[in-house]
Amino acid sequence: MTAPPSVPSWAIDPVGPLHGDVKISGSKNAVSKLMVASLLAEEPCAITNAPRLGDVEITAGMLRSVGAAVQIEGDRVAIDPHGLSDSRIPVSYSGLNRMPILLVGPLLHRIGEAFVPFVGGDRIGPRPVNFHVEALRQFGAEVEITDHGLEAKAVALHGARIRLPWPSVGATETVLLTAALAEGRTVLENAAIEPEVVELALFLQRMGARIELQPDRRLVVEGVHRLTGADQRLGGDRIEAFSYLVAGLATGGSVRITGCAQERLVTAISTLQRMGASFRITDDTITAWADRLKPCAVRISTHPGFMTDWQPPLVVLCTRAHGMSVVHETIFEDRLGYIDALQHMKAEIELFQQCLVGEACQFAETGALHSALIRGVSPLEGAEVEMPDIRAAFGYLIAAAAANSPSVLHGVHHLERGYDHVFDKFSELGLGIRQLHG
C-alpha cells in the first residue's frame, strides 16, 4: 500500500518517561469483519465504539461499491444492505487489506456470484487464501483464481465438515460468514478462537445465526434461512492496549488504559509481570509500571498464547530489559523483517533460523529468520526510519520515544490505518511529536 503524497512524516523528540491515561478504541481486527457480516442481514445493522481508521474507510468503500449504504458518524458505523445489487468488488481495492476474501460468502448468499480482487495487508510473510478457497468449495461454491482476483458462483450453499490445517483467523471467519445462511450443519475443526473471532460469532448470533463453540477448537453452525439486523458495541482493541502499556514501560514511565477488558490481556499481563512489571487492575482501568525490567523468553502462538501482533512492541521492550531475551515467531515467517531499522537505532538484536523457544514450529528447517535474540539494555539512538507495516510502525514509535536522541518516522499512513488518534494519544502522554509536511 503506497502512502498518499499528503501524508506527513513525524518528528519524534524523546522527553523521557511517558505518563498518563489512554482510552483504548474499539477493536481494529473486529470492526471490518462485522461490517462485512452486515451484508447477510435483511435489515440495517450498526456497530458502535468503532475506531476511526483507514481500514474502516477502505471497507466502507468496498461495501458501497456493491450497493450497500454505509454511514460513519463518530464512533458509530451503520450499514444498510438493502441496496446490495453488484457482485464485483473493483480491482482498485486490490492489495489494500484482507477484507475482499471475506466478502465472497456474503455475496454468494445475496447474489449468487462474486468477484473479489487479491487481498493485501501488511507485508509480514505469505498469507495465502487457499484455506478460504478450499472451504468455499466444500460449501458447494465454484471458485476460480484469475489474473486479477477470485471468481466464485453458487446456486446454493450447503453445510460442510471442514478441518483447517492451521487455526487461521481469516479462514475461520470465512467459514462463519458462509455457514450462517448455508443449508444444513457446518462443523469446523481446528478453528481460530481469538477474541475477534468470537466477537464476529456473537454478532452473527445477534442476527439470528445458530453458532456453538465446542471444546477442542470446534465450531458448529446450523444454517438458518434469514438473518435480521443487529447492533453491537465493539470490545477494546487488545493490540492497542498492550502497545500503550509497553510504551509506558519502555520509557520508564507508566500508562493507565481504559476501555479494554482485563480478560483480553491475560497472556500479555502475565508476560509483562514475568519481566518485572507491576500492575494495578480495576474493573475499568489497567496501569503498568516497573522499577527494573527483566529479560524474557516468549514463543508466539495462536490464542490463548502470546499473539503475533504483540510481538513488535515486546521486542522493543526487550531492548530495555537487563539481560538476554529470546522471541520465537511461529505465525508469520517475515514478521521480524522490521528488525533492521531497530538495529539502525543501535538495538542489539540478532536473528536466527532456529526455533529458539519452545517446540519446533512450521518454519523449522525452512531457512526463515524467525527467532530474535535481544540484548538489553541497548542504548537506543534516534534515526530516520521507514515504517513497513501497522504493528512494526508502533514498535518504531515506542523505540523512538525511548531513544536518547530525535527520530524521523516515515510511512505514518501505516499507523493511521491501524490505530485511532495515535498522534493525539502520544502527545497527551507527553511525547514530543510533530508532523513534517513536504
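Scoring rules and cut-offs
- Residues numbered from 1 in each chain as written.
- Predicted model: local features only at pLDDT ≥ 70, side-chain atom pairs only at ≥ 80, totals over all residues.
- Heavy atoms only, no water.
- pLDDT = per-residue confidence, 0-100.
- Contact = heavy atoms within 4.5 Å.
- Helix = DSSP H or I, 4+ residues; strand = E, 2+ residues; numbered from the N terminus.
- Core = buried A, V, L, I, M, F, W, Y, C linked by side-chain atoms within 4.5 Å.
- Buried < 20%, exposed > 50% of the residue type's maximum accessible area, 1.4 Å probe, protein only.
- Salt bridge = Lys/Arg side-chain N within 4 Å of Asp/Glu carboxyl O.
- Expected span 1.5 Å × (residues − 1).
- Polar contact = N/O pair within 3.5 Å; in protein donor to acceptor, adjacent residues only side chain to side chain.

1. Things to note about the confidence of the model for the protein
- Of all residues in the protein, 96% have pLDDT values of 70 or greater, and the mean over the chain is 94.
- Predicted confidence is poor over residues 1-5, with pLDDT under 50, and the contacts of this stretch with residues over four places away or in other chains come to 8 contacts.
- Within the model, the stretch residues 121-127 combines pLDDT values under 50 with 21 contacts to residues more than four positions away or in other chains.

2. Notes on unusual backbone geometry
- Across the junction of His303 and Pro304, the peptide omega takes the value 15°, indicating a cis bond.
- Mapped onto the fold, Pro304 is located in the loop between strand 17 (297-299) and helix 10 (311-318).
- Looking along the chain, the bond that leaves Gly376 and enters Val377 is cis, with omega of 5°.
- Positive phi outside glycine occurs at Lys346, with the angle close to 75°.
- Within the secondary structure, Lys346 is located in the loop between helix 11 (339-344) and strand 19 (348-352).
- Residue Glu365 is not a glycine yet carries a positive backbone phi of 65°.
- Note that Glu365 resides in the loop between strand 19 and strand 20 (371-376).

3. Some details on the nonpolar core
- Judged by nonpolar contacts, the single largest core of 77 residues is most densely connected at Tyr244, Ile257, Leu265, Leu342 and Phe426.
- When residues in this core are grouped by element, the largest group, 11 residues, is from helix 12 (residues 390-402).
- Aside from chain neighbours lying at most four places away, what touches Leu265 is Arg238, Ala241, Phe242, Ile257, Cys260, Ile286 and Trp310.

4. Structural notes on the side chain of Glu240
- Inspection of the secondary structure assignment puts Glu240 in helix 8 (residues 238-250).
- By relative accessible area, which is 2% here, Glu240 ends up buried.
- In contact with Glu240, not counting residues within four places along its chain, are Ile24, Ser25, Tyr419, Asp420 and Lys425.

5. Looking at the pattern of salt bridges
- Across all of its chains, the model carries 18 salt bridges by this definition.
- As a salt-bridge pair, Lys33 and Glu173 come within 2.9 Å of each other at their nearest N and O atoms. Here the residue Lys33 occupies a position in helix 1 (residues 28-37), and Glu173 occupies one in helix 6 (residues 169-179), the gap between them amounting to 140 residues.
- In this structure, Arg185 and Glu222 form a salt bridge, with 2.5 Å as the shortest nitrogen-oxygen distance.

6. So, helix 8
- In this model, helix 8 (13 residues) spans 18 Å end to end at C-alpha, consistent with the 18 Å of a helix rising 1.5 Å per residue.
- Buried residues dominate helix 8, accounting for 13 of its 13 residues.
- For helix 8, the N-terminal capping position is held by Asp237, with its side-chain oxygen 2.9 Å away from the main-chain nitrogen of Ile239.
- Two residues or fewer after helix 8 comes Gly252, characterised by a positive phi angle close to 80°.

7. Details of helix 12
- The end-to-end C-alpha distance of helix 12 is 19 Å, a good match for the 18 Å that 13 residues give at a rise of 1.5 Å each.
- In terms of burial, helix 12 is a largely internal element, 13 of the 13 residues being buried.
- Capping of helix 12 at its N-terminal end is provided by Asp389; its side-chain oxygen lies 3.1 Å from the backbone amide nitrogen of Arg391.

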